Amino acid sequence: MPDKILICQNCKNTFVYSDYEQNLDKRNQKSEPVYCPICASIKASEQKHPPKPKK
Ligand SMILES: [Zn+2]
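Residues numbered from 1 in each chain as written. Predicted model: local features only at pLDDT ≥ 70, side-chain atom pairs only at ≥ 80, totals over all residues.

Undergrad: Pulling in residues and values, what's your account of the overall build of the protein chain?
TA: Broken down by element type, the protein chain carries 2 helices and 2 strands. Its helices and strands in sequence order give the protein chain the pattern β-β-α-α, from N to C terminus. Taken over the C-alpha trace, the protein chain has a radius of gyration of 14 Å; the compact-globule value for 55 residues is 10 Å, which it surpasses by more than 25%. Projected onto its principal axes, the C-alpha coordinates of the protein chain cover approximately 50 × 25 × 10 Å. Within the protein chain, the proportion of its 55 residues that are buried is 2%. Counting contacts in the protein chain only where the partners sit at least 6 residues apart, residues at least 24 apart contribute 31% of the total. (Helix = DSSP H or I, 4+ residues; strand = E, 2+ residues; numbered from the N terminus. Rg over C-alpha atoms; globule rule 2.2 N^0.38 Å. Buried ≥ 20, exposed ≤ 12 C-beta atoms within 10 Å, placed from the backbone. Contact = placed C-beta atoms within 7 Å.)

Written out as structure tokens, the structure reads:
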């Protein structure tokens, strides 16, 4: 499978969805990512540590 160039839904930057990642996600029955690795890691850490509500 050739590498794919995807556009991040958050920052609109392009990122590479590599052959390796495509195979990995296919095996895990995951769909292709909508966020670049940077935004994905930010979103993952936000889920772990949700921003505190302002007082
Ligand atoms: Zn992004």
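Now, onward.
Undergrad: Give a description of helix α1 (residues 19-27) that names residues and reports values.
TA: In terms of burial, α1 is a largely surface element, 0 of the 9 residues being buried. Backbone geometry just downstream of α1 places Q29 in the positive-phi region, at approximately 55°.

Undergrad: Can you lay out the confidence of the model for the protein chain for me, pointing to particular residues and giving the numbers?
TA: Mean pLDDT over the protein chain: 93, with 100% of residues reaching 70 or higher. The least confident element of the protein chain is helix α2 (residues 37-48), whose mean pLDDT is 93; the most confident is strand β1 (residues 4-7), at 98. (pLDDT = per-residue confidence, 0-100.)

Undergrad: An account of the pairing of β1 is requested, with residue identities and associated values reported.
TA: Within a regular beta strand, the side chains point alternately toward one face of the sheet and then the other, so they alternate between its two faces. Pairing geometry for β1 and strand β2 (residues 14-17), over 4 bridges, is antiparallel. Counterpart to L6 in the pairing with β2 is F15. Hairpin connection, β1 to β2: the antiparallel pair is bridged by 6 residues, and K12 has positive phi, about 65°. (Pairing = 2+ DSSP bridges.)

Undergrad: Lay out α2 with the relevant residues and their values.
TA: Taking 1.5 Å of rise per residue, the 12 residues of α2 would be expected to cover 16 Å, and the 17 Å separating its terminal C-alpha atoms lies within 8% of that figure. By the criterion of burial, α2 is predominantly exposed, with just 0 of the 12 residues buried. (Expected span 1.5 Å × (residues − 1).)

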